[in-house]
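A look at the structure
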Amino acid sequence: MPPNDMSLEAHWMPFTANRAFKAAPRLVVGAKDMHYLTDDGRKVLDGTSGLWCANAGHCRTKIVEAVKKQAETMDYAPAFQMGHPGSFRVAQRVAKMLPGDLDHVFFCNSGSEAVDTALKIALAYHRARGEGNRNVFVGRERGYHGVGFGGISVGGMPANRKMYGSMLPRVDHLPHTHNLKENAFTRGEPNWGAHLADELETRIIALHDASNIAAVIVEPMAGSAGVLIPPKGYLKRLREICDKYSLLLIFDEVITGFGRTGHAFAAETFGVTPDIITMAKGITNAMVPMGAVAVRRGIYDAVVNSAPPDTVELFHGYTYSGHPLATAAAEATLDVYEEEGLFARAREIAPYFEQAVHALREMPNVIDVRNFGMVAGIELEPRPGKPAERAFKTFLKCYEKGVLIRTTGDIIALSPPLIISKQQVDELVGVLGDALRETGRD
Ligand SMILES: Cc1ncc(COP(=O)(O)O)c(C=O)c1O
């Protein structure tokens, strides 16, 4: 509990049931490696890498030291018409990790900003090529692309959209790929569903005409929307259709970037190279907020070369684009990933994790278990008339028992730091199993 003289009232918390939280708060005050420390002195095993972001575990010394040193050396450098070496170094390093000719990187401060930036770049690219009429975006039902107006427009989460009016005017959505009848309890990529990509051609392009469409944006694997794993061949099919009609393909890799699927990016894991990749979260291991957008060389060249020399080419940017503390954190984070071989480690431990989570199918109310890389989704049968309640109760029980999980509706998502040991996988899944048994009796 917070100290008596501290009121929780003034803080309007994001994506939180404010009144319930403030009546029974859950405060964490410390973190190290695989654990959080609560304000009442309990250690909580982190089954979610914070919010899918602390991929190397918490408060890693190398990253802490790098940020401290940068804070003492130079707090801030103006981001427009000025630069500092750190942002150029991070861009170069990230470019080397990216597939194909995705080799130019634009910095921002969050996943939401990365998505809005990517959409703007797509429009600027088509305009630079004399195809400014291409301004329709295609997202996907159940997609999550952050909370900017661009992101909620192409996103497909009804609750995130319904209060906010008309949003971007020209957007269509692919169908989502979730189907328990066909794919329940699949390990890895489901066999059923690649044909759903064909709707891009048969319905959306047919309706809007390709000459009006700027880009298609999807999460290669959806996380926040409830762990939706792409059916085998689905992403490849999207790529083929985009190529056929010169649509840009954007992968939102805000959670899949930096090792979650066993490689630096899911594009590599799935063997499909998009034109633009958005990233955030794991780029700094969550130490300092940072987002980024990587584009293929041709996109950068088209936009930059379309403006007269000595003029600003893209009227877009943030005061804190490439902030020195963020770039210091990013450089140290990339060192940690590399030195500890954490992406390979994710690949190594993923089969153990898969085996462990699939044992949960025996627990009450579990209607699906699915997994890919170091992500798992456990879907529960909703309580009649009370959607999301059963999963949230499970979350609360896990927290009481010293394990942090995450829920979206009645789906439980696990995405532990890539440093998790087998013993900790057992603890995470064991506690979740106990909580599910107890919730099943309620
Ligand atoms: C795929 C995806 N895109 C965008 C975002 C938004 O990122 P942020 O919360 O940093 O704005 C998220 C956040 O979870 C995400 O999962």
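Model, not experiment: these values are computed from the prediction.

Rules used throughout
Residues numbered from 1 in each chain as written. Predicted model: local features only at pLDDT ≥ 70, side-chain atom pairs only at ≥ 80, totals over all residues. Helix = DSSP H or I, 4+ residues; strand = E, 2+ residues; numbered from the N terminus. Core = buried A, V, L, I, M, F, W, Y, C linked by C-beta atoms within 7 Å. Buried ≥ 20, exposed ≤ 12 C-beta atoms within 10 Å, placed from the backbone. Domains from an automatic or database assignment. Contact = placed C-beta atoms within 7 Å. Pairing = 2+ DSSP bridges. Axes fitted to C-alpha atoms, helices over the stretch in contact; angles between N-to-C directions. Near = placed C-beta within 6 Å. Nonpolar A, V, L, I, M, F, W, Y, C, P; charged D, E, K, R; others polar. Arc of directions from axis to C-beta.

1. A few points about unusual backbone geometry
- Of note in the backbone geometry, Ser-246 takes a positive phi value of approximately 55° without being a glycine.
- Topologically, Ser-246 is positioned in the loop between α10 (234–245) and β8 (248–252).
- One non-glycine residue with positive phi stands out, namely Ala-286, at about 75°.
- Mapped onto the elements, Ala-286 comes out in the loop between β9 (276–279) and β10 (291–296).

2. Quick notes on the nonpolar core
- Counting residues in each nonpolar core, the largest one holds 130 residues, and the members touching the most others are Val-216, Ile-276 and Ala-292.
- No other element matches the 9 residues that helix α13 (residues 324–339) contributes to this core.
- Viewed by domain, this core spans two of them, domain 1 (18–56 + 340–441) and domain 2 (64–339), each represented by three or more residues.
- Beyond its immediate chain neighbours, meaning those up to four positions away, Ala-292 contacts Val-94, Val-105, Phe-106, Phe-107, Cys-108, Ala-114, Met-279 and Ile-283.

3. Regarding the domain arrangement of the protein
- Here the protein is described as being made up of domain 1 (18–56 + 340–441) and domain 2 (64–339).
- Elements with a minimum of two residues in the side of domain 1 that touches domain 2: α2 (49–52), α14 (342–358), β11 (366–372), β12 (375–380) and β15 (411–414).
- Looking at the side of domain 1 that touches domain 2, the element that brings in the most residues is α14, giving 7 residues.

4. What to know about the environment of Arg-187
- By secondary structure assignment, the location of Arg-187 is in the loop between α8 (180–183) and α9 (199–208).
- By C-beta crowding, Arg-187 is classed as partly exposed, having 15 other C-beta atoms within 10 Å.
- Here the alpha-carbon distance between Arg-187 and Ser-421, two residues 234 residues apart in the chain, equals 21 Å.
- Apart from the residues lying within four places of it in its own chain, the contact partners of Arg-187 are Glu-354, His-358 and Asn-371.

5. Points about the sheet that holds β10
- If you trace the 7 strands from one edge of the open sheet to the other, you get β4-β10-β9-β8-β7-β5-β6, paired in mixed fashion. Lying at the two open borders of the sheet, with one neighbouring strand each, are β4 (102–108) and β6 (171–174). The sheet shows a mean angle of 20° between the axes of neighbouring strands, taken without regard to direction.
- With 3 bridges joining them, strand β5 (residues 136–140) and strand β7 (residues 213–218) adopt parallel strand pairing.

6. Comments concerning the site of the ligand
- Taken together, 14 residues surround the ligand, and among them Ser-110, Gly-111, Ser-112, Gly-146 and Val-254 come closest.
- If you tally residues by element for the shell around the ligand, the top one is helix α5 (residues 111–128), at 3 residues.
- Of the residues assigned to the shell around the ligand, the class counts are 5 nonpolar, 7 polar and 2 charged.

7. Considerations on the sheet that holds strand β3 (residues 43–46)
- The strand order across the open sheet formed by 4 strands is β1-β2-β3-β13, and the pairing between neighbours is mixed. The sheet is open, and its two edges are formed by β1 (28–32) and β13 (403–404), each paired on a single side.
- Relative to strand β2 (residues 35–38), β1 is paired through 4 bridges, and the arrangement is antiparallel. Paired with Val-28 across the two strands is Thr-38, which belongs to β2.

8. Focus: the pairing of β10
- Among the 6 residues that make up β10, 6 are buried, leaving the element largely enclosed by the rest of the structure.
- Burial along β10 is two-sided: Gly-291, Val-293 and Val-295 and Ala-292, Ala-294 and Arg-296, pointing in opposite directions, are all buried.
- Bridge analysis of β4 against β10 gives 6 bridges, and the strand direction is antiparallel. By the bridge assignment for β10, Phe-106 is matched with Val-293.

9. Brief notes about α9
- Listing the buried residues of α9 in full gives Leu-200, Ile-204 and Ile-205. Each buried residue of α9 sits inside an arc of 90° when the element is viewed along its axis, so together they form one side. More than 90 degrees from the buried face of α9, the exposed residues found are Thr-202, Ala-206 and Leu-207.
- Here the buried face of α9 lies against β5, β6, β7 and α10.
- Two residues or fewer after α9 comes Asp-209, characterised by a positive phi angle close to 75°.

10. Here's the deal with helix α12 (residues 297–305)
- Every buried residue belonging to α12 is among Ile-299, Tyr-300 and Val-303, and all of these are buried. An end-on view of α12 places all buried positions within 95° of arc, on one side of the element.
- The elements touched by buried residues of α12 are β4, α5, β9 and β10.

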